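What follows is the residue order along each chain.
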Amino acid sequence: MISKYTDNYYDHFSKKTSKIPPVFRKEENYMMRFCAPLSHFTFDNNNLTIIYFKDGTGELLWADRRIKVEANKFIVINPSTGWEYVNAKKKYIDVLSMVICDIFKKRFNYFISASQRKLLDDPFQIATDQTYFMEQTFGADYYRSGNLLQVVHSLSNNGDYRFTSAEELCMEMLQTIYQDQHKGYDLASHIEAKKSSTKLETLKRLLVANDYIQDNLMNPISLDDISRVSALSNYHLYNSFKKIYGKTPHQYINRLKMAKAKTYVQESHFSLSEISDIFGYNDPTVFGKVFKKAYGRPPSYYRT
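Quick caveat, the model's predicted, so the values are computed rather than measured. (Residues numbered from 1 in each chain as written. Predicted model: local features only at pLDDT ≥ 70, side-chain atom pairs only at ≥ 80, totals over all residues. Heavy atoms only, no water.)

Here we look at the packing of aromatic side chains
Tallied over the entire structure, the rule returns 19 aromatic pairs. Pairing Y245 with Y252 gives two aromatic rings, centres 5.1 Å apart and planes at 40°, and the pair type is tilted. Taken as a pair, Y245 and Y252 share a single burial class, namely buried. Here the aromatic rings of Y264 and F270 are separated by 6.2 Å at their centres, their planes lie at 15°, and the arrangement is stacked. Residue Y264 is classed as partly exposed on the basis of its relative accessible area, which comes to 24%. Under the relative-accessibility criterion, F270 is labelled partly exposed at 37%. Taken together, the ring pairs connect Y281, F287, F291, Y295, Y301 and Y302 into an aromatic cluster. For the cation-ring pair, R297 lies above Y301, with the distance from its terminal atom to the ring centre recorded as 4.2 Å. (Phe/Tyr/Trp six-rings, centres within 6.5 Å; stacked < 30°, edge-to-face > 60°. Buried < 20%, exposed > 50% of the residue type's maximum accessible area, 1.4 Å probe, protein only. Lys NZ or Arg CZ within 6 Å of the ring centre and 35° of its normal.)

Below, the structure is given as structure tokens:
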């Protein structure tokens, strides 16, 4: 935990620190860091919010939704009537939060929707069309936007941060989230369903499945496990997963395992037998065959 943020709320735009959560105007962007035992917080500012939980847990409530948040996860909440954070255990949370004001977002909407000619002819226009982002928690390790939040969080912990522009970081964040989620909407179009809402809901559940796989890659993962966490039947999961990721869940898990195993082979001090064991292959010979099938060469070839 970084001591300068402990029990403090620091706004990186105004460069001000306070002992209580600050109040911001709706016309402002801001980026805040804090490490504090926050038991409850109400946010009634109708702006786009991006929250990265480096450490800690709790629940976010808005409209009729309740979402559990965990360490190293992030969430995007669209402009609405506001939301609440609840932490019943009142434990410390380490959070990086960005709020994008309405006019800033409308300028972004114009940027992504206008032609290059239009951007030159009318550079200061805005677009009122609302860009809707998927509202659910995502593993920060598995998305470009999550990686960027990790970088910004790390950057904010050292003195070099004073040489950066918080506004530019917000611009970069907004663009990266849009790119990640636009890719998701493209993937949703491949799902066999008549209604767009059904396609999107299926995609959301597949993303939950993907995060679960990534988080539990070193443990045995069954189709029943993935089906349960994603709330999709085995058959629905199997077929939809294959449509989106181009592989069955089992094939996808094996591919990820081999990619990670290759890193272990190249960079770790574990023996090949130990690596085989770590990734759930009790027989090193079987591990070697699966590895060679994936990369064309045996694990020993990649030993430095």
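Overview of the packing of helix α5 (residues 196-215) against helix α8 (residues 249-267)
It is the contact of α5 with α8, at a shortest axis distance of 11 Å, that shows an interaxial angle of 40°. Classed by the angle they form, the pair α5 and α8 counts as oblique. Note that α5 runs across α8; the crossing there is right-handed. Touching N210, I213 and Q214 of α5 are Y252, I253 and L256, all from α8. Considered class by class, the residues forming the contact of α5 with α8 number 4 nonpolar, 2 polar and no charged. (Axes fitted to C-alpha atoms, helices over the stretch in contact; angles between N-to-C directions. Helix = DSSP H or I, 4+ residues; strand = E, 2+ residues; numbered from the N terminus. Parallel < 35°, antiparallel > 145°, perpendicular 65-115°, else oblique. Left-handed = near helix turned anticlockwise from the far one by under 90°. Contact = heavy atoms within 4.5 Å. Nonpolar A, V, L, I, M, F, W, Y, C, P; charged D, E, K, R; others polar.)

Thoughts on the nonpolar core
Formed by 47 residues in total, the largest nonpolar core has its most connected members in M31, I50, I213 and I226. Excluding its chain neighbours within four sequence positions, the residues that come into contact with I226 are A209, Y212, I213, I221, L237, P249 and I253. Among the nonpolar cores identified, the runner-up in size contains 21 residues, and Y30, A36, F41 and I93 belong to it. (Core = buried A, V, L, I, M, F, W, Y, C linked by side-chain atoms within 4.5 Å.)

Remarks on unusual backbone geometry
Phi is positive for N72, close to 60°, though the residue is something other than glycine. Of note, N72 is situated in the loop between β7 (65-69) and β8 (73-77). One non-glycine residue, A231, lies in positive phi territory at about 55°. Of note, A231 is situated in the loop between α6 (223-230) and α7 (234-245).

Considering the sheet that holds strand β1 (residues 9-11)
The sheet built from 7 strands is open, its strands ordered β2-β1-β3-β10-β5-β8-β11 with antiparallel pairing. Lying at the two open borders of the sheet, with one neighbouring strand each, are β2 (16-18) and β11 (138-139). The pairing of β8 with β11 spans 2 bridges and is antiparallel. Note on β11: the bridge partner recorded for F74 is F138. Contacting β3 (30-36), β5 (48-55), β8, β10 (93-100) and β11, helix α4 (residues 166-188) runs over the sheet at an angle of about 90° to β10. (Pairing = 2+ DSSP bridges.)

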